[in-house]
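Chain by chain, the residues:
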Amino acid sequence: MTEQNSRVSVGKSWPLGVTLTETGANVAVWAPDATLVELCVFTDAEEQRIPVPYRDGGVWYAHVEGITEGTRYGLRAAGPHQPENGLRFNPAKLLIDPYAQVLTGPLSWDCLMRAYAVGPGDDMVQDDRDSAPVVPKAIVQGPPQGPDPSLNRPIRPWNETVIYEAHVKGLTQQHPDIPEDIRGTYAALAHPVVVEHLKKLGVTALELLPIQAFIDDEFLVRQGKSNYWGYQPIAWQAPEPRYAYRDADTEIRQAVHTLHEAGIEVILDIVFNHTGEGSEMGPTLSCRGLNNPGYYQLTDGGRHYVDVTGTGNSLNPDADMVMRLVLDSMRHWVTRYGIDGFRFDLASTLGRTEDRFTPNSPFFYTVRQDPLLAGVKLIAEPWDLGIDGYQLGHYPYPWKEWNDSYRDKVRRAWRGESLGTTDMGSCLTGSANLFDHSGRSASSSINFVTAHDGFTLNDVVSYNNKHNEANGEDNRDGHNENVSDNMGAEGLTEDPAINKARERRIRGMLATLFVSQGVPMLLAGDELRNSQGGNNNAYAQDNEIGWVDWSHRSEVEFISRLSAMRKRLPLLRQRNFLHGGTREDGEIDIQWFKANGQTPTDDDWHSSELTTLGVEIRGVAGYRSGEELTGSVFLIINVGDETNVALPPQISWHLELDSAHEDAHGDFTEHYVAPAQSVIVLSSP
């Protein structure tokens, strides 16, 4: 770029970021306390710094001629260096545009990214070393190429949704039928073997761990590790470059379009509660160098960061321009990449006003009324580490929530605790005690027994204790209580009795998941009996520990049967909560039974001996969608020994599933002998 074709003129203060025009690009950057903002254009030979001279409402802006698609750029901002007041400007540090849409490469911590000089004073003394050599550059993005994934959305109702949580690289890195050169990439997600596998399982939504551009933070780099899970974001609109085969933008669009064609939605796990810049001792890469007190929650007069996320900083959701960035980023993923929904990491942070969570926060209200975002799937991880951070069940319509209470109760029950004291009745009916308020549906609970954070399902029945030695933290990291049971041997064993018992318990937990009201979520690899060797915090394990092992196919057929059964029996996935109401046909919509056919008393529900439970379910009373459902299903949950279970009086009950006997079939009238550690599903027309 020459001086002649980089002429600067008045542009617009919106949209934020660098946006192509016919003759160049409009540049707009939010930095209200800066004294100078520069657009830094990079060629192979040099960096050209172009002042952005116009200002309106804290936004610096200009039109710069000569900027074209593919131009590499960064930002620099000068201003007061007053860490004690929260101002941390340092023009020596190249900054990534918060609105960057493509990066030249992955981010990995380097000492040049520090904005302070090591030594006396620490972060109070400014470091004047140039960070440009180690900071990836943003790339000006042009119009999208290829098929448009926003035009072929499956648009699945929540009560028909089955989620599969996966890591882009971890899912495909070891698949033997995917060409080696695309394994672990966005392109691999569109490979026919992946698509067909998801379809066979009955998956309707693929939920991907973070793919917003993130940083390998200092702690991991010093250990020779990487940030495998990706929960340290830097550029919220830019795809993570390390998962690209050739071109991340095109590959993601193609993958989403292909999955849509197969009837599968795509949900992104997004991180808007903090950034990878960390505490005051972290790197200056983007937001900190542009508007530290605007982007972050500060304390001690601005000297330090509020940290309700455990990462060193917390985003400031009260700032209107921060909310604008979050919403603009969501819209970008929805429009350019056809994304169908979002799972919000530590979502309680975004629901905070001042220091407290509120379901009426500006963020929740704004998302709900947004005409583009109101129709996408919204899932909350309903907690953070701050005061009143655990908010399970307190999110407003239309949010759904990860139900970790369901996970722990189901694990406890299958570990041998009473079905009454573990509240299995609530688990099977969508956790109405948590979610049945404010007009919320019975699909508000995202039910899961495993997720990326914690043991895999195979490890839940194979380990009593975590084994995180590979993480380099002396096994101190990760949860200490996993509600697991090794069933007689820690880890792998050749004992056939233990292995058979493990398989039966795994199938019992999977069946429980699919017969529960709410939305079931599977962890990628559980269908393959994937193990992480007892590691319950594989956040830094970009290797065989964290990747899915495709050498086993043991539960694929079983899960396929479960999902087909759930699809075939709408009584298992109703829109409204069951409360024992009387239907228009005179039948009760839900009734509970002990093994002898009697109704459990209050004492029974609190008894440690309740290991077998039956429940007859009909369409929900009082709602048209429920009243229109005919027939009933009878579920038997037996976490104890073989039990003869009396069946509710019907002409005949047809066996849909016996989780312990794969080939069991037939019709039954008076009783069914439930095998030890089993789930039974019978239907009556």
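Definitions and limits used
- Residues numbered from 1 in each chain as written.
- Predicted model: local features only at pLDDT ≥ 70, side-chain atom pairs only at ≥ 80, totals over all residues.
- Heavy atoms only, no water.
- Helix = DSSP H or I, 4+ residues; strand = E, 2+ residues; numbered from the N terminus.
- Polar contact = N/O pair within 3.5 Å; in protein donor to acceptor, adjacent residues only side chain to side chain.
- Contact = heavy atoms within 4.5 Å.
- UniProt positions renumbered as here; feature names shortened; annotations may be inferred.
- Disulfide = S-S within 2.5 Å.
- 1 Å grid on protein atoms, 1.4 Å probe; cavity = no way out; pocket = protein on both sides within 12 Å on 5 of 7 lines; lining within 4 Å.
- Points joined across faces, edges and corners; volume = space filled by probe spheres on them.
- Nonpolar A, V, L, I, M, F, W, Y, C, P; charged D, E, K, R; others polar.
- Buried < 20%, exposed > 50% of the residue type's maximum accessible area, 1.4 Å probe, protein only.
- Pairing = 2+ DSSP bridges.
- Axes fitted to C-alpha atoms, helices over the stretch in contact; angles between N-to-C directions.
- Expected span 1.5 Å × (residues − 1).
- Phe/Tyr/Trp six-rings, centres within 6.5 Å; stacked < 30°, edge-to-face > 60°.
- Parallel < 35°, antiparallel > 145°, perpendicular 65-115°, else oblique.
- Left-handed = near helix turned anticlockwise from the far one by under 90°.
- Core = buried A, V, L, I, M, F, W, Y, C linked by side-chain atoms within 4.5 Å.

## Concerning the side chain of Asn458
Within the secondary structure layout, Asn458 lies in helix 12 (residues 457-460). Side-chain polar atoms of Asn458 contact the side chain of Arg529, separated by 2.9 Å. If we skip the residues at most four places from it in the chain, Asn458 touches Ile506, Asp526, Arg529, Asn530 and Ser531.

## Digging into the UniProt feature "domain: Glycosyl hydrolase family 13 catalytic" (unreviewed entry) in the protein
Here, the residues flagged by UniProt with the feature "domain: Glycosyl hydrolase family 13 catalytic" (unreviewed entry) are residues 173-566. For residues 173-566, the helix share is 31%, the strand share is 13%, and the end-to-end C-alpha distance is 31 Å.

## Comments concerning the state of the cysteines
Overall, the coordinates contain zero disulfides when judged by the stated rule. Unpaired in this structure, Cys287 has its nearest cysteine sulfur neighbour in Cys40, at a distance of 17 Å.

## Thoughts on empty space enclosed by the protein
As enumerated under the stated definition, the model contains five cavities of 30 Å³ or more in all. What the largest cavity holds in volume is close to 180 Å³. The wall of the largest cavity is formed by 19 residues, among which His452, Leu523, Ala524, Gln532 and Gly546 lie closest to the centre. Partitioning the lining of the largest cavity into residue classes produces ten nonpolar, eight polar and one charged.

## Notes on the side chain of Ser329
Following the sequence through the fold, Ser329 ends up in helix 7 (residues 320-337). Judged by relative accessible area, Ser329 falls into the buried class, the value being 0%. Here the side chain of Ser329 touches Leu325 through a polar contact of 2.8 Å, landing on its backbone oxygen. Sequence-distant contacts of Ser329, that is, excluding residues within four places in its chain, are made with Trp236, Gln237 and Phe272.

## Description of the layout of surface pockets
Here the largest pocket is characterised by a volume of approximately 1300 Å³. Around the largest pocket sit 47 residues that line it, and Trp229, Thr309, Gly310, Asp453 and Asn537 are the ones nearest its centre. Put simply, the parts of the chain that give the lining of the largest pocket at least two residues each are helix 4 (218-221) and helix 9 (404-414). Ranked by residue count, the leading element in the lining of the largest pocket is helix 9, at four residues.

## Re the sheet that holds strand 15 (residues 212-216)
With mixed pairing, three strands are arranged side by side in an open sheet as 11-15-16. Of all strands in the sheet, those bounded by a partner on one side alone are strand 11 (107-108) and strand 16 (233-239). Pairing analysis gives three bridges linking strand 15 to strand 16, with the strands arranged antiparallel. Pairing of Phe214 across the sheet is with Pro233, part of strand 16. Across the sheet, helix 7 lies against strand 15 and strand 16, angled at about 30° from strand 16, the strand it touches most.

## Points about helix 14 (residues 556-568)
If you check helix 14, its first and last C-alpha atoms are 18 Å apart, about what 13 residues at 1.5 Å a residue would give, namely 18 Å. Buried residues belonging to helix 14 abut helix 3 (192-201), helix 13 (496-515), strand 26 (519-523), strand 31 (653-658) and strand 34 (678-684).

## So, the packing of aromatic side chains
Tallied over the full model, the rule gives 27 aromatic pairs. Centroid distance Phe214 to Tyr243: 6.4 Å. Interplanar angle 50°. Geometry classified as tilted. Taken together, the positions of Phe214 in strand 15 and Tyr243 in the loop between strand 16 and helix 5 (248-261) put the pair 29 residues apart, joining distant regions of the chain. Comparing Phe214 with Tyr243 shows no difference in burial state: the two are buried.

## Examining the packing of helix 9 against helix 13
Contact geometry for helix 9 and helix 13: axes closest at 10 Å, N-to-C directions at 140°. As summarised for this structure, helix 9 and helix 13 are arranged oblique, according to the angle between their axes. Relative to helix 13, the crossing made by helix 9 is right-handed. Of the residues in helix 13, those in contact with Tyr406, Val410 and Trp414 of helix 9 are Arg505, Gly508, Met509, Thr512 and Leu513. The class makeup of the residues in the contact of helix 9 with helix 13 is five nonpolar, two polar and one charged.

## Description of the sheet that holds strand 24 (residues 400-403)
Neighbouring strands of a sheet are bound in pairs by backbone hydrogen bonds; such pairs are parallel or else antiparallel. Here eight strands make up a closed barrel; going around it, the order is 13-14-17-20-23-24-25-26 and the pairing parallel. Averaged over all adjacent pairs, the angle separating strand axes in this sheet is 30°, with direction ignored. For strand 14 (residues 205-208) and strand 17 (residues 265-270), the ladder comprises four bridges, and the chain directions are parallel. Bridge pairing in strand 17 links Leu208 to Leu268. Along the sheet, helix 7 contacts strand 17, strand 20 (341-344) and strand 23 (377-380); its crossing angle with strand 20, the most-contacted strand, is approximately 140°.

## With respect to unusual backbone geometry
The step from Trp14 to Pro15 runs through a cis peptide bond, and the omega angle for that step is -10°. Mapping Pro15 onto the fold places it in the loop between strand 1 (8-9) and strand 2 (17-20). The step from Tyr397 to Pro398 runs through a cis peptide bond, and the omega angle for that step is 10°. Note on placement: Pro398 falls in the loop between strand 23 and strand 24. Here Asn475, not a glycine, exhibits a phi torsion of approximately 60°, which is positive.

## Things to note about the nonpolar core
Formed by 121 residues in total, the largest nonpolar core has its most connected members in Tyr164, Leu206, Leu268, Met330, Phe342, Phe344 and Phe363. Excluding anything up to four places from it in sequence, Phe363 contacts Met323, Val326, Leu327, Phe344, Leu350 and Trp399. Counting residues in each nonpolar core, the second largest holds 41 residues, with Val18, Leu39, Ala138 and Ala238 among its members.

## Structural notes on the packing of helix 5 against helix 7
Helix 7 packs onto helix 5 with a crossing angle of 70° between their chain directions and a minimal axis gap of 9 Å. Classified by the angle their axes make, helix 5 and helix 7 are roughly perpendicular. Touching Asp249, Ile252, Arg253 and Val256 of helix 5 are Trp333, Arg336 and Tyr337, all from helix 7. Broken down by class, the residue content of the contact of helix 5 with helix 7 amounts to four nonpolar, no polar and three charged.

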